[in-house]
Amino acid sequence: MAVTFYLFTRPDKKGDHPINVSIYLHGVRFCSSIGYSISPQKWDENAMKVKHGASNAKKVPFNLINSRIAAITSTFDALEANNAKLSKDQIKRKLSEVVGRSTGSEDEESGGPVGFFKHFDEFLLDGAMNHKWAINTAKKFGTLRKHIMKFNENITLDDWDKETFDAYVRFDAIELQMLDVSISKELTMIRWYLGWCVEKGYTSVVVFKSYKARLKDTKKPVIFLTKEELLKLYNFKIPKNGTTVTLHTMNGDEYVKVVEEKQSLDKVRDLFCFCAYTSLRYSDMAQLQRNHIVNGRIHITTIKTDDAVEIPVNEYAQKILDKYAAFDYDGLALPVISNQKMNKYLKDVCELCEFLEPINIVQYCDGKRKDICEPKWKLIGTHAARRTFICNALAAGVPPQLVMKYTGHADYHAMKPYIEVSDKSREEGMAKIEEFFKQ
């Protein structure tokens with residue numbers, strides 16, 4: 001590991017301890033503060049991050065601090081993997097890029113241009129505290145920060161005219177090989193930040209409001225498990241560790257796979273199915289406590305939208321809860337693992353279930369079309385569980401407005417892709433009925 005995080009021994013005036021990072025690359029070590037502090041009671045020493053739900057004395061929430069820790073870790077782990085050899089000054093400079101300590105920009109108090117990142121942390125803090133951003137939102141802005149620093153580390157707020165936007169789009173496409181849809185999302189985040197800066201009076205440049213990039217995007221397929229696939233996953237008996245199983249490709253060719261980490265696969269299968277039978281997002285399932293379930297109903301305020309939802313627990317979800325009822329998970333209802341690990345294990349167990357339906361995806365990179373066809377198991381992630389609930393509920397004839405009460409969707413626009421999938425399944429069902437009467 002290239003980086004290690006720890007608390008400085010001496011506290012600050014508010015009683016928090018600065019979070020330090022030790023970076024070690026090929027014999028060169030550099031230590032520095034990451035710019036945030038936290039009390040030892042709120043610090044997870046083993047995981048090297050701030051505990052979930054905690055904030056420091058300055059009211060900076062855990063997700064904002066942890067997003068910076070994640071950005072530093074990913075940056076220097078990648079450098080280590082690529083065998084990069086940096087001097088101490090180069091490591092210091094790279095760390096400054098990651099945490100947004102911009103250099104070479106004039107301060108607005110001197111009448112010069114305002115560095116693009118001067119108010120970036122203030123913007124992130126405002127989003128985390130006043131808009132309840134999820135940790136993934138902070139991580140995405142952390143990635144954007146790294147990309148813009150690579151593009152031009154001395155860029156200012158006033159630099160964002162049409163030519164700069166065009167150059168950044170080309171940089172993302174050519175240098176970073178980003179898909180058009182991903183570039184579009186980054187442009188949205190830049191507009192978001194610049195709009196906030198205009199409201200605060202930090203800049204008066206508003207070109208971002210009218211700028212439109214020539215980016216191509218296509219409608220993504222809704223990835224979900226059908227009723228039959230979900231039941232197969234729910235009842236699937238995962239083989240013992242070391243078992244060699246014979247599997248098939250989409251073309252019918254055989255290959256073998258050795259089962260590993262059966263216990264983790266079993267837990268992940270249960271967690272996914274629980275979400276698929278309740279409509280919960282991963283973030284809400286991960287914070288679901290036993291006291292949130294009263295008289296057969298889940299009462300929870302969602303992490304993403306702060307909506308209070310009430311969801312009846314059906315027998316499939318209840319059996320999963322019963323399976324883990326005798327174990328202690330510090331008040332949690334289920335044995336949660338990280339989203340990243342869950343996505344990995346989820347693909348493994350779906351591969352064992354042989355969910356081989358071909359899924360066609362069209363992508364654009366620098367305006368060039370790329371057609372991809374993958375078996376469904378490769379595309380299943382944690383959010384597919386929520387899609388599975390919605391699509392199957394609509395296919396079963398549950399009214400959209402009732403499904404929205406379970407899921408917390410506020411309008412039909414967000415439900416439209418799922419309703420279209422449901423309409424398709426109903427058409428297929430009617431075709432089967434017609435064929436039945438013709439026989």
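Residues numbered from 1 in each chain as written. Predicted model: local features only at pLDDT ≥ 70, side-chain atom pairs only at ≥ 80, totals over all residues. Heavy atoms only, no water.

## Topic: the overall build of the chain
The helix and strand inventory of the chain stands at 14 helices and twelve strands. Pairs at least 24 residues apart make up 59% of the contacts formed inside the chain by residues separated by at least 6 positions. (Helix = DSSP H or I, 4+ residues; strand = E, 2+ residues; numbered from the N terminus. Contact = heavy atoms within 4.5 Å.)

## What about the confidence of the model for the chain?
Averaged over every residue, the pLDDT of the chain is 86; the share at 70 or more is 90%. Here residues 102–112 is a poorly scored stretch, pLDDT under 50, and it has 17 contacts once near neighbours within four places are set aside; other chains count. (pLDDT = per-residue confidence, 0-100.)

## Digging into the nonpolar core
In this structure, I72, F76 and F116 are the most contacted members of the largest nonpolar core, which totals 61 residues. For F76, the residues in contact, after removing those within four places along its chain, are A2, V3, I23, L25, I91, K94 and L95. Counting 50 residues, the second largest nonpolar core, distinct from the first, contains Y234, L247, C273 and I298. (Core = buried A, V, L, I, M, F, W, Y, C linked by side-chain atoms within 4.5 Å. Buried < 20%, exposed > 50% of the residue type's maximum accessible area, 1.4 Å probe, protein only.)

## Here we look at the sheet that holds strand β8 (residues 293–294)
The strand order across the open sheet built from three strands is β8-β9-β10, with neighbouring strands paired in antiparallel fashion. The outermost strands of the open sheet, each flanked by one partner alone, are β8 and β10 (308–312). With five bridges connecting them, strand β9 (residues 297–301) and β10 associate as antiparallel partners. Within β10, the position partnered with H299 by the bridge is E310. (Pairing = 2+ DSSP bridges.)

## A closer look at the packing of aromatic side chains
Any aromatic ring pair is given by two values, namely how distant the centres are and how the planes are angled relative to each other. Throughout the structure, instances matching the rule amount to 27 aromatic pairs. Centre to centre, the rings of F151 and F171 are 5.5 Å apart; their planes meet at 55°, and the pair counts as tilted. Remark: F171 occurs in helix α5 (residues 162–175) and F151 occurs in helix α4 (residues 135–151); sequence separation between them is 20 residues. A cation sits over an aromatic face here: K376 above F224, 5.6 Å from the ring centre. (Phe/Tyr/Trp six-rings, centres within 6.5 Å; stacked < 30°, edge-to-face > 60°. Lys NZ or Arg CZ within 6 Å of the ring centre and 35° of its normal.)

## With respect to the pairing of strand β7 (residues 254–258)
Of the pairings in the sheet, the one linking strand β6 (residues 244–248) to β7 comprises five bridges and is antiparallel in character. Of the residues in β7, the one forming a bridge with L247 is Y255. Where β6 folds back on β7, the antiparallel hairpin that results is connected by five residues, among which G252 adopts a positive phi of roughly 95°.

## Let's talk about the pairing of strand β1 (residues 3–7)
Residue alternation in β1 divides its side chains into a buried set, V3, F5 and L7, and an unburied set, T4 and Y6. Examined bridge by bridge, β1 and strand β2 (residues 17–25) share five bridges and lie antiparallel to one another. The residue of β2 that forms the bridge with T4 is S22.

## Here we look at the environment of C373
Looking at the element boundaries, C373 is found in strand β12 (residues 368–375). Between the C-alpha atoms of C373 and M250, which are 123 residues apart in sequence, the distance is 9.7 Å. If sequence neighbours within four positions are ignored, C373 has contacts with M250, P358, I359 and N360.

## Regarding helix α1 (residues 62–81)
Counted at 1.5 Å a residue, the expected span for α1 with its 20 residues is 28 Å, and the 28 Å between its end C-alpha atoms agrees. Just downstream of α1, N83 is the residue with a positive phi angle, here 60°. (Expected span 1.5 Å × (residues − 1).)

## Structural notes on the packing of helix α8 (residues 262–278) against helix α12 (residues 383–395)
Direction vectors running N to C along α8 and α12 enclose 35°, while the axes themselves pass 7 Å from each other. Along this stretch, α8 crosses α12, giving a crossing that reads as right-handed. Counting all contacts with α8, which are made through F272, C275, A276, Y277 and T278, the residues of α12 involved are A384, A385, T388 and F389. Along the lines of polarity and charge, the residues of the contact of α8 with α12 split into seven nonpolar, two polar and no charged. (Axes fitted to C-alpha atoms, helices over the stretch in contact; angles between N-to-C directions. Left-handed = near helix turned anticlockwise from the far one by under 90°. Nonpolar A, V, L, I, M, F, W, Y, C, P; charged D, E, K, R; others polar.)

## With respect to the sheet that holds strand β3 (residues 28–38)
Strand order in this open sheet of three strands is β1-β2-β3, and the pairing throughout is antiparallel. Of all the strands in the sheet, just β1 and β3 have a single pairing partner and so form its edges. Here the strands of the sheet are splayed against their neighbours by 25° on average, with no regard to which way each runs. Here eight bridges tie β2 to β3, and the two strands are oriented antiparallel to one another. What sits directly across from L25, in β3, is V28. Strands in contact with α1 are β1, β2 and β3; relative to β3, the strand with the most contacts, it is inclined by about 165°.

## Quick look at the pattern of salt bridges
For the structure on display, the rule yields 17 salt bridges. With its nearest N and O atoms 2.8 Å apart, the salt bridge here joins K162 to D166. Pair noted here: K162 and D166 are both in helix α5, with a separation of four residues, about one helical turn. Note on D166: relative accessible area 21%, which makes it partly exposed. A salt bridge links K323 to D270; its shortest N-O distance comes to 2.7 Å. With a gap of 53 residues between them, K323 in helix α10 (residues 315–323) and D270 in helix α8 connect regions that are remote in the sequence. (Salt bridge = Lys/Arg side-chain N within 4 Å of Asp/Glu carboxyl O.)

## Brief notes about the environment of L79
Along the polypeptide, L79 turns up in helix α1. Taking the C-alpha atoms as reference, L79 lies 8.2 Å from L25; in sequence the two are 54 residues apart.

## Some thoughts on the state of the cysteines
All told, the structure shown has zero disulfides when counted by the stated rule. C353 carries a free sulfur, and the closest cysteine sulfur to it, the one in C350, is 6.1 Å from it. Of the residues examined, C353 reaches a relative accessible area of 1% and is grouped as buried. (Disulfide = S-S within 2.5 Å.)

## What about helix α2 (residues 88–99)?
The end-to-end C-alpha distance of α2 is 17 Å, a good match for the 16 Å that twelve residues give at a rise of 1.5 Å each. Residues I91, L95, S96, E97, V98 and V99 constitute the buried set of α2.

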